[in-house]
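The lines below spell out each chain.
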Amino acid sequence: MSEIVFVDSAGRETRVNAEDGETLMAVAVRSGIDGIVAQCGGALACGTCHCYIDEAHLDLLPPPSQEEADMIEFVMEPKPNSRLSCQLLMSAATDGMRVIVPDNQH
Ligand code: FES
């Protein structure tokens, strides 16, 4: 179990518990986080689960696969800390992770 902190563009925080092995996308969708659309349901085909990971946790995550990195090139405003939430599995290492949710996915 870990606690994830979603942060919107206005700085509002939503704290949610995540089960180990759950994807960050699944956590966001079941928690009703606006801005994580996840159109393809995690098939790495849409890029609408894009988010920014706080620097403190970025290096604790496995690096993106080539497929994830390729998809990130097509999201709105990609940054060095961009990740696709459907590719990130929650674990003890993600406890306290801050996830910045983009304003727009299109
Ligand atoms: Fe479509 Fe992540 S949900 S790429």
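Conventions and cut-offs
- Residues numbered from 1 in each chain as written.
- Predicted model: local features only at pLDDT ≥ 70, side-chain atom pairs only at ≥ 80, totals over all residues.
- Heavy atoms only, no water.
- Phe/Tyr/Trp six-rings, centres within 6.5 Å; stacked < 30°, edge-to-face > 60°.
- Lys NZ or Arg CZ within 6 Å of the ring centre and 35° of its normal.
- Salt bridge = Lys/Arg side-chain N within 4 Å of Asp/Glu carboxyl O.
- Buried < 20%, exposed > 50% of the residue type's maximum accessible area, 1.4 Å probe, protein only.
- Helix = DSSP H or I, 4+ residues; strand = E, 2+ residues; numbered from the N terminus.
- Contact = heavy atoms within 4.5 Å.

Colleague: Any chance you could explain the packing of aromatic side chains here in plain terms?
Modeller: In this description, an aromatic ring pair is defined by two values, namely the gap between the centres and the angle between the planes. Applying the stated criterion to the full structure yields zero aromatic pairs. When the ring centre of Tyr52 is taken as reference, the NZ or CZ atom of Lys79 above it lies at 4.5 Å.

Colleague: What should I look at first to understand the pattern of salt bridges in this one?
Modeller: Opposite charge on two side chains permits them to pair, given that their charged atoms come into close proximity. Throughout the structure, instances matching the rule amount to six salt bridges. In this structure, the salt-bridge partner of Glu22 is Arg30, at a minimum N-O distance of 2.7 Å. Arg30 sits in the partly exposed class, given a relative accessible area of 47%. Salt bridges sharing partners connect three or more residues here, namely Glu3, Glu13, Arg15 and Arg98.

Colleague: How do you make sense of the environment of Thr14 when you look at a structure like this?
Modeller: Mapped onto the fold, Thr14 is located in strand β2 (residues 13-18). Classification of Thr14 as partly exposed rests on a relative accessible area of 35%. The contact partners of Thr14, leaving out residues within four places of it in the chain, are Ile4, Val5, Phe6 and Ile33.

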